[in-house]
Amino acid sequence: MSPASGPTQVDRLTKDLRSRVLSGDLPPGHRLREEALAGEYGLARHTVRAALRALAAQRLAVVEPHRGARVAALDASALRDLFELRAALEVEAARLLAERRGLDPWPGEVVDAAAALDAACAATDPDRAAVDAAHAALHHALVAAAGSPRITAAHSGLELESRLALVQSRRTLPVDRMAVIHRDLLDRLRTDGPEALRRHLHEGAELAGGRPAGSAS
């Protein structure tokens, strides 16, 4: 049996392009031109083409016949579908968490994730990609704490598309509001129950669509 191979050129390029999309360096709608990327990275066009197909499979890019590829941009319909699915998973997870473990005190993994988001937001020069990652990690910690492996796995599958929605939220959701909004969410989950999370996600979809709101996902 041959030894396991390491990351391929396609894997490495896919990872780098994914990082650039989630950092906002390649913004939603940006054209991903094979020839330009091949020259920038010193790779063959077929390698670039394979990486773009991989990004499309992760819902971070759209590849159109005869038109090439572009960074995905979530329109109102796509945002609605994404946040409805997130609500189905996260609200049920919050219900199970309250039933199985309680919300006062919060499980340690939720406390740690909230503290990490606070720290990322409080940095002198916040790295927005790091803030977005901490934001996503807090939501995932709430889901994972419920102890349902299948809900947790399904939620993990939405992470990249949810991060893309956060990129679209940057104009309407400044970093200085992020930690405050999520501390408020944790308080409201205790007082109002899981439906507080549904409202939070609804407002998050509005932010990603460019409409300011009082809280975010």
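How each quantity is defined
Residues numbered from 1 in each chain as written. Predicted model: local features only at pLDDT ≥ 70, side-chain atom pairs only at ≥ 80, totals over all residues. Heavy atoms only, no water. Helix = DSSP H or I, 4+ residues; strand = E, 2+ residues; numbered from the N terminus. Contact = heavy atoms within 4.5 Å. Axes fitted to C-alpha atoms, helices over the stretch in contact; angles between N-to-C directions. Parallel < 35°, antiparallel > 145°, perpendicular 65-115°, else oblique. Left-handed = near helix turned anticlockwise from the far one by under 90°. Nonpolar A, V, L, I, M, F, W, Y, C, P; charged D, E, K, R; others polar. Salt bridge = Lys/Arg side-chain N within 4 Å of Asp/Glu carboxyl O. Buried < 20%, exposed > 50% of the residue type's maximum accessible area, 1.4 Å probe, protein only. Domains from an automatic or database assignment. Buried area = accessible area lost by both parts, 1.4 Å probe.

Q: Can you help me understand the environment of L13 in this one?
A: Along the chain, L13 turns up in helix α1 (residues 9–23). Sequence-distant contacts of L13, that is, excluding residues within four places in its chain, are made with Y41, L43, T47, V48 and A51.

Q: Just to check I follow, could you spell out the packing of helix α4 (residues 76–100) against helix α8 (residues 159–168) for this structure?
A: When two helices pack together, their arrangement is given by the angle between the helix axes and by the axis-to-axis distance. Running from N to C, α4 and α8 point in directions that differ by 125°, and their axes come no closer than 11 Å. Between α4 and α8, the interaxial angle falls into the category oblique. Both α4 and α8 take part in a crossing whose hand is left-handed. Judged by residue contacts, L79, L82, F83 and R86 of α4 engage E161, S162, A165 and Q168 from α8. Within the contact of α4 with α8, the residues separate by chemical class into four nonpolar, two polar and two charged.

Q: Quick question: what am I supposed to make of the pattern of salt bridges here?
A: Should the charged atoms of two oppositely charged side chains come close, the side chains can pair. On inspection of all chains with the given rule, the structure shows 19 salt bridges. The residue E99 makes a salt bridge to R95 at a minimum N-O spacing of 3.2 Å. In this pair, E99 and R95 are both assigned in helix α4, four residues apart and thus about one turn of the helix distant. Judged by relative accessible area, E99 falls into the exposed class, the value being 57%. Several salt bridges converge on common partners, so that one network encompasses R31, E64, R67 and R70.

Q: Before we go on, may I ask you to explain the domain arrangement of the protein chain in this structure?
A: Reports often express the size of an interface as the amount of accessible area lost when the parts come together. Split by domain assignment, the protein chain resolves into domain 1 (9–71) and domain 2 (76–208). Look at where the C-alpha atoms of domain 1 and domain 2 centre, and you get two points 28 Å apart. If you look at the interface, domain 1 gives 10 residues, while domain 2 gives nine residues. Of the roughly 790 Å² buried where domain 1 meets domain 2, counting both sides, 71% is carbon and sulfur surface. It is L22, P28 and R59 in domain 1 that bury the most area against domain 2; as a group they hold 59% of the surface buried on that side. Counting across the domain 1 and domain 2 interface gives one salt bridge. One salt bridge in this structure joins E161 and R59, with 4.0 Å as the shortest N-O distance. Take the side of domain 1 that touches domain 2: its biggest share by element is four residues, from α1. A breakdown of the residues in the side of domain 1 that touches domain 2 according to their chemical character gives five nonpolar, three polar and two charged.

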